[in-house]
Structures are given as C-alpha cells and as structure tokens.
Amino acid sequence: MARCRLLASLVLYAALSSPAAALVSKDGITGRLPAMGWNSWNEYACNINEDIFLKIGQRIIDLGLKDAGYEYVNIDDCWSDKSKRRDPKTKEIIPDTTKFPRGISYVASKLHSLGLKVGIYSDAGTNTCGGYAGSLGYEGIDAATFSKWGIDYLKYDNCDVPSSWADQYEYMPQYPGAHPAPANYDYATSNTAKRYNTMREALLRQNRTMQYSLCAWGHAHVERWGNNTGHSWRGWGDIRPTWDGSDAPGWNWGLMPILDQAAKVWNYTGFWGRSDWDMLEVGNGNLTIEENRSHFALWCALRSPLIIGARLADAKAPIKQEVLDILKNGELIAFNQDNVYGASARPIKWDGKADRVHPASYWVGRSVKGVHLFMVNTYGDTRKMEVRVDEAQELKELAAGGGSLVVHDMWSGKDIGTVTGKGVVSIDVKSHDTAAVRISAVGA
C-alpha cells in the first residue's frame, strides 16, 4: 500500500543536473523551482506571535515582494506549547495559545486569503532546536496535522537526535574527515536519510501538497540522496550576517565558507531538488551594501531557495530601500527561477586559495536569456576581474556562430559593451561585491 501511495503521488525521473532521481510533486508545480518567501527565525527567533505573521503577509504585498515572486510566510521554531507539548489523546502538537490564540489554521487561512502560502517548522529529533516537541516517532500524526491546518511548506530540522538514531559513519561537511566511511558506502542508507524519508512518506500520504525542506546541515552527504527525499536540502550549518568566519562552536557561518562548500556540490542542484544555502541575511547585521549584493546575487546564481530573513514590519527600523531593491532585482530572480535551466551556476576558476576565505570567484550559468557570469571579489580592495570567452564552454558555444556578443549588467539592467569569441569580459569589482552579467547574441 505504501508503494502504491508513493507512485500515485509522485513521478520519478532522471534529473539531468543530478546523479540522483528527483521527486516530482503531484501538482506538477510545488518544489520544481526554488522556493521564495520569508522566514521568522533570523530576526525574531522565539519572539513570534500571530500578529507578526499577519503583518508580514501584508508587508510582503505592500513592499512589492509578492509581485517579485515571494510567496511563502514561514513560521520557524517556538510556535508550539513547550510544556504541554502534545494532546494526551490525539498526540497532536499543541500550538502556544498565547502566541497563536486562534491557532495556526487561522494564520494559514488569513495568509491564504492574501494569495500567500504558509510554512511551518518541525524537527527530525525528539525536540526542536529550541526545545519544543519534535516529530521523530510522530511523523504521521504531525504531517496530517499540518495538512489539516493548511500548511504549504515544512522546514524539517535536525536537532536532538537520540543516540539510537546516530549514523554509523557521521559526516559533517565542516569536518569531512572526522568519521570516514568505506569508499563504497551509500549514505542513502544512513539513519539520517531514514529519519527524513519517514517524514517524506508521511507527507505523501496527505491530500495536501507541501514543499519539503530538509534542514539537515549537509550531514550524511544529504546532497547525494536529498533529491529523492525533499525539494531542497540544507548543505551547511546555519548562516549568520557576516562576510566570512564562524562562531566559536562552528554552528553559524558567514557567506564565504558557505560559498566554498557550494563550489564542491553545485552539480546536485536541478529542477525539483536543490541545495539550500540557508535563509537570506540581506539587510541584517553589519553587511555592507556590496556584501548584501553579493549575498543575493550568489544565492540566485546557485539557484538556492530565496527566503528573506530581514525584518519587514518593524516601524522603528524599516527595511532600507537599497536593501529592498536588491531583494526585488528582477533579472537575478529570473535567473534563479528560470523555467528551462534548473542547474546551479558552476565555478570555472578561483582567484585565490580555494578555501573558506577565498572560495571560487568566477561562476557561469545558463538561462533562457543567455549565459551569465558572476564574479565575486573576495578581497579588501577594488579589483579588475576578467573571464576569457574560451574559459567557459557555455561562452564558447555561444560565440561559435561568430560575431559580437552583448554584455549586459544585471544590476543596472543596461548593456555595457560587446565581446567576441576571442575576447575578454573585464569588470572592475569593488571589495566584496559581485558583478553579475548576462552575455547573449546581438539581437537575441
């Protein structure tokens, strides 16, 4: 019966950009392209309530973000009753009635009435990262509850995993050699994969299609099997609003270490399944305007989900127009959401040491409009960054017909020059900024 239900809900196909098969949602839409929306954690953590999410929903509309493609309003951790946890009879998770006096379903219905979708958070362990009830052992009940409430998206975290569920060969991308597995070991058989697959099966049994976001932090080489389990998978630890480095425990990381890991696993991203490099910190912390631009451009280039983490409804500290302009850049969003090319941009060369301080600096990707170059300056001064046309196969193919190619700036929306098949694309890039250009045939 489980196999019949699975086949009724999904279509399996060989993903061109990934070695793993992908899961196609039964509605033919949900999860095909990277999710776009807003999440509460970066700015509110556990200080959430019904009013915040209703205000955010309206702000997404008022700020033009809905028109730009952002549609999910995601409730992160701390939404349930920490002491009561579950109903003693139904075993359903009990929402915190102080934070959500009319329940989660009320918030969902109000957001749906605005033409938006709603996401919720749970954990593949005994407790969530905040110490609230997790879903391990209750996957069927929780999936049915979320469906009943009208949930459209599940972020599924990886905290408080019992020792009985520990992996035989624990793999964390930050420390790749700590617990080596045999050369032919299949991480799809790991306990981590089993925990996440159990929730997948529970979600598939529901009459409601929900986007499934695996927050597995890159553990158990999730990039190798995540495409057969969910629509996206976190490839690294939590993000923080800094250019580089991490906190002392190594749980929260700046942009450059994440980009370094993305350069190693870019080829696992495609339609219906992709690496998730965590929520956008655009507009948060002390990131410079150039760093904010790089953050957004690179997440678009990687075809990562675009989940805003900035505070949108704070009257005392309203979102800056320059930040909003970045988040609404139509050309970068169009690349991220391209309906023909689903693969991540790929690294083509390094302008440094190829490490967590100076990761891959030059990336190339395709869209229906042409070939795109993303050049990130990881250094502390303005630098001339150059790519020869013959350095990227995509550009060589574009130039094969002869003649000039148009170089278009995706930030300004203007053409900035031409280049031939034997030419060089050369741009002065400020410290920690990213040049994003599209190259296409003349008249295309």
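Structure shown above.
Rules of the game
Residues numbered from 1 in each chain as written. Predicted model: local features only at pLDDT ≥ 70, side-chain atom pairs only at ≥ 80, totals over all residues. Heavy atoms only, no water. Helix = DSSP H or I, 4+ residues; strand = E, 2+ residues; numbered from the N terminus. Rg over C-alpha atoms; globule rule 2.2 N^0.38 Å. Buried < 20%, exposed > 50% of the residue type's maximum accessible area, 1.4 Å probe, protein only. Contact = heavy atoms within 4.5 Å. Areas by Shrake-Rupley, 256 points an atom, 1.4 Å probe, with all protein chains shown as cover. Lys, Arg positive; Asp, Glu negative; His and termini not counted. Charge placed at Lys NZ, Arg CZ, Asp CG, Glu CD. Phe/Tyr/Trp six-rings, centres within 6.5 Å; stacked < 30°, edge-to-face > 60°. Axes fitted to C-alpha atoms, helices over the stretch in contact; angles between N-to-C directions. Parallel < 35°, antiparallel > 145°, perpendicular 65-115°, else oblique. Left-handed = near helix turned anticlockwise from the far one by under 90°. Nonpolar A, V, L, I, M, F, W, Y, C, P; charged D, E, K, R; others polar. Pairing = 2+ DSSP bridges.

J.: Hey, could you run me through the overall build of the protein chain in this one?
T.: The number of helices and strands found in the protein chain is 13 helices and 20 strands. Against the 2.2 N^0.38 benchmark of 22 Å for 444 residues, the protein chain shows a C-alpha radius of gyration of 22 Å, consistent with a compact globule. Taken along the three principal axes of its C-alpha coordinates, the protein chain extends 70 × 55 × 45 Å. Taking all 444 residues of the protein chain together, the buried fraction comes to 55%. A fraction of 71% describes how many contacts in the protein chain between residues 6 or more apart in sequence connect residues 24 or more apart. On the protein chain, roughly 18000 Å² of surface is accessible, and the fraction owed to carbon and sulfur atoms is 51%. Side-chain charges of the protein chain comprise 49 positive and 50 negative groups, with the mean position of each set lying 4 Å from the other.

J.: Please clarify how the packing of aromatic side chains should be interpreted in this entry.
T.: The description of two aromatic rings rests on the distance between their centres and on the angle between their planes. Within this structure, the stated rule accounts for 16 aromatic pairs. For the ring pair Tyr156 and Tyr212, a centre distance of 6.1 Å and an interplane angle of 50° mean the geometry is tilted. One end of the pair, Tyr156, is in strand S6 (residues 153-157); the other, Tyr212, is in strand S7 (residues 211-214), with 56 residues separating them in the sequence. Residues Tyr156 and Tyr212 agree in their burial class; the two are buried.

J.: Help me understand the packing of helix H9 (residues 255-265) against helix H10 (residues 289-301) in this model?
T.: The angle between the axes and the distance between the axes are what describe a pair of packed helices. Contact geometry for H9 and H10: axes closest at 12 Å, N-to-C directions at 20°. Regarding the angle of H9 to H10, the classification is roughly parallel. The two elements H9 and H10 meet at a crossing, and its hand is left-handed. On the side of H9, the interface is formed by Leu255, Ile258 and Leu259, while H10 contributes Glu291, His295, Leu298 and Trp299. By residue class, the composition of the contact of H9 with H10 is five nonpolar, one polar and one charged.

J.: Can you help me understand the pairing of strand S17 (residues 405-409) in this one?
T.: Each regular strand carries side chains that alternate between the two faces of the sheet. Most of S17 sits inside the fold, with five of its five residues counted as buried. Residue alternation in S17 divides its side chains into two sets, Leu405, Val407 and Asp409 and Val406 and His408, and both sets are buried. Bridge count for S17 against strand S18 (residues 414-419) is five bridges, and the pairing is antiparallel. By the bridge assignment for S18, Asp409 is matched with Lys414. Counted between consecutive antiparallel strands, the loop separating S17 from S18 contains four residues, among which Gly413 sits at a positive phi close to 80°. Where S17 meets strand S20 (residues 434-441), five bridges bridge the pair, whose relative direction is antiparallel. In the strand pairing of S20, Val406 is matched with Ser440.

J.: It is not clear to me how helix H5 (residues 103-113) should be interpreted in this structure. Could you clarify?
T.: Because each turn of an α-helix spans 3.6 residues, side chains separated by three or four positions end up pointing in the same direction. Every buried residue of H5 is accounted for by Gly103, Ile104, Val107, Ala108 and Leu111. Elements in contact with the buried residues of H5: helix H3 (50-62), strand S4 (72-74), strand S5 (117-123) and helix H6 (139-149). Once H5 ends, the next one or two residues include Gly115, with phi positive near 80°.

J.: Please explain the sheet that holds strand S12 (residues 306-308) as it appears in this structure.
T.: By definition, the strands of a sheet pair up through backbone hydrogen bonds, in either a parallel or an antiparallel sense. One open sheet holds the eight strands; their spatial order is S11-S8-S7-S6-S5-S4-S3-S12, and the pairing between them is parallel. Single-partner strands in this sheet number two, and they are strand S11 (274-276) and S12. Strand-to-strand, the axes of this sheet are offset by a mean angle of 25°, without reference to chain direction. Taken together, the three bridges between strand S3 (residues 36-39) and S12 define a ladder with parallel strand orientation. Bridge pairing links Gly37 to Ile307 in S12. The strands touched by H5 within the sheet are S4 and S5, with S5 carrying the most contacts at an inclination of about 145°. Taken strand by strand, H6 contacts S5 and S6, and its axis lies near 160° from that of S5.

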